[in-house]
Amino acid sequence: MRTIIAIDGPAASGKSTVAHELAARLFYAHVNSGAFYRAFTWWVLRAKADPTSVEEAAAVLERTKLSSRFEGNEGILLLDDVDPTPHVRDDAVTHAVSFIARMLPVREALTTHLRSLAEERDLVMEGRDIGSFVFPDTPYKFYIDASPEVRRARRQAQGHHDEIATRDRIDSSRAYAPLTIAEDAHMIDSTHLTIDGVVGEVIGLLKLLGLSMPAR
Ligand code: C5P
């Protein structure tokens, strides 16, 4: 098991940009676990199955070969050897993903793949349940938040249609591995911080926790 840095937080909290930058600075691989949930959601929609029906989604899961691997520094999920990356940000996927992510069989299958990536590389992994459920034993856990106004503005600036409040509500209230702040996570409020500011704070805390940094 390699070093895992877990970065959790609600939608549009800035965790993706921070996780990418952190992985680049530490020479770690990056895994966006949200992209895994989005990938399977796209696959369910493509199969014309109902993304709110656990029976239909489970049937799609059953007949699909899931595999995960690194493409450069990025961990990705393949579905029957198809790379879903071009589609994971589609509005239809964003709209349906929280329904799919509530389903136990989906969470079990994807969590297995997310964990297996940590056997190969040191990782910065971002998501909702990384510190609380996927890697509860890592000492390096961060929870990044920002005010709802700033998060809405960030998403609008990216030009995406995204009901972030609805997604957060579904993600926080689901039965299995909901969005939650792990007890031992370091909270960072990014409302008034730049990306560099947040990354600097995370790196400062990692040094305090004893993580060795790459030589410059
Ligand atoms: O991070 P992103 O907003 O792209 O995640 C999309 C969705 O995937 C979330 O709204 C949530 O429903 C689901 N997700 C999850 N667990 C994770 C990461 C994402 O349930 N670890």
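Everything that follows concerns the structure shown earlier in this document.
The present account deals with the structure reproduced in this document. Everything quoted here is computed from the prediction, not taken from an experiment.

### Thoughts on helix α8 (residues 164-173)
Among all positions of α8, only Ile164, Arg167, Asp168, Ile170 and Asp171 are buried. On an axial view of α8, the arc spanned by its buried residues comes to 170 degrees, and they lie on one face. Pointing more than 90 degrees away from the buried face of α8 are the exposed residues Ala165, Arg169 and Ser173. Contact partners of the buried residues in α8: α2 (33-46), α4 (91-100) and α7 (148-157).

### With respect to the environment of Met125
With respect to the element layout, Met125 can be found in strand β5 (residues 123-127). Overall, Met125 belongs to the buried group, its relative accessible area being 0%. A sequence separation of 22 residues divides Met125 from Ser147, and the C-alpha atoms of the two residues are 22 Å apart.

### Details of the packing of helix α3 (residues 54-62) against helix α5 (residues 104-117)
As a packed pair, α3 and α5 sit with axes 9 Å apart at the nearest point and diverge in direction by 30 degrees. One finds that α3 runs roughly parallel with respect to α5. Between α3 and α5, the residues in contact are Val54, Ala58 and Leu61 and Pro105, Val106 and Ala109, respectively. The residue inventory of the contact of α3 with α5, partitioned by class, reads six nonpolar, no polar and no charged.

### A word on the nonpolar core
Among the nonpolar cores identified, the biggest contains 36 residues, and Val31, Phe40 and Leu123 are the most heavily contacted of them. Ranked by residue count, the leading element in this core is α2, at seven residues. Ala19, Leu26, Val199 and Leu205 belong to the second largest nonpolar core, which has 20 residues in total.

### A short note on the packing of α7 against α8
Between α7 and α8, the shortest axis-to-axis distance is 10 Å and the interhelical angle comes to 120 degrees. Between α7 and α8, the angle is such that the two are oblique. Contact residues: Arg151, Arg152 and Arg155 in α7; Ile164, Arg167 and Asp168 in α8. The residue makeup of the contact of α7 with α8, split by class, is one nonpolar, no polar and five charged.

### Details of the packing of aromatic side chains
Using the criterion set out here, one finds one aromatic pair in the structure. With centroids separated by 5.9 Å and ring planes inclined at 55 degrees, the aromatic side chains of Trp42 and Trp43 adopt a geometry described as tilted. Taking NZ or CZ as reference, Arg121 lies 5.0 Å from the ring centre of Phe70, over its face.

Parameters and conventions
Residues numbered from 1 in each chain as written. Predicted model: local features only at pLDDT ≥ 70, side-chain atom pairs only at ≥ 80, totals over all residues. Heavy atoms only, no water. Buried < 20%, exposed > 50% of the residue type's maximum accessible area, 1.4 Å probe, protein only. Helix = DSSP H or I, 4+ residues; strand = E, 2+ residues; numbered from the N terminus. Arc of directions from axis to C-beta. Contact = heavy atoms within 4.5 Å. Axes fitted to C-alpha atoms, helices over the stretch in contact; angles between N-to-C directions. Parallel < 35°, antiparallel > 145°, perpendicular 65-115°, else oblique. Nonpolar A, V, L, I, M, F, W, Y, C, P; charged D, E, K, R; others polar. Core = buried A, V, L, I, M, F, W, Y, C linked by side-chain atoms within 4.5 Å. Phe/Tyr/Trp six-rings, centres within 6.5 Å; stacked < 30°, edge-to-face > 60°. Lys NZ or Arg CZ within 6 Å of the ring centre and 35° of its normal.

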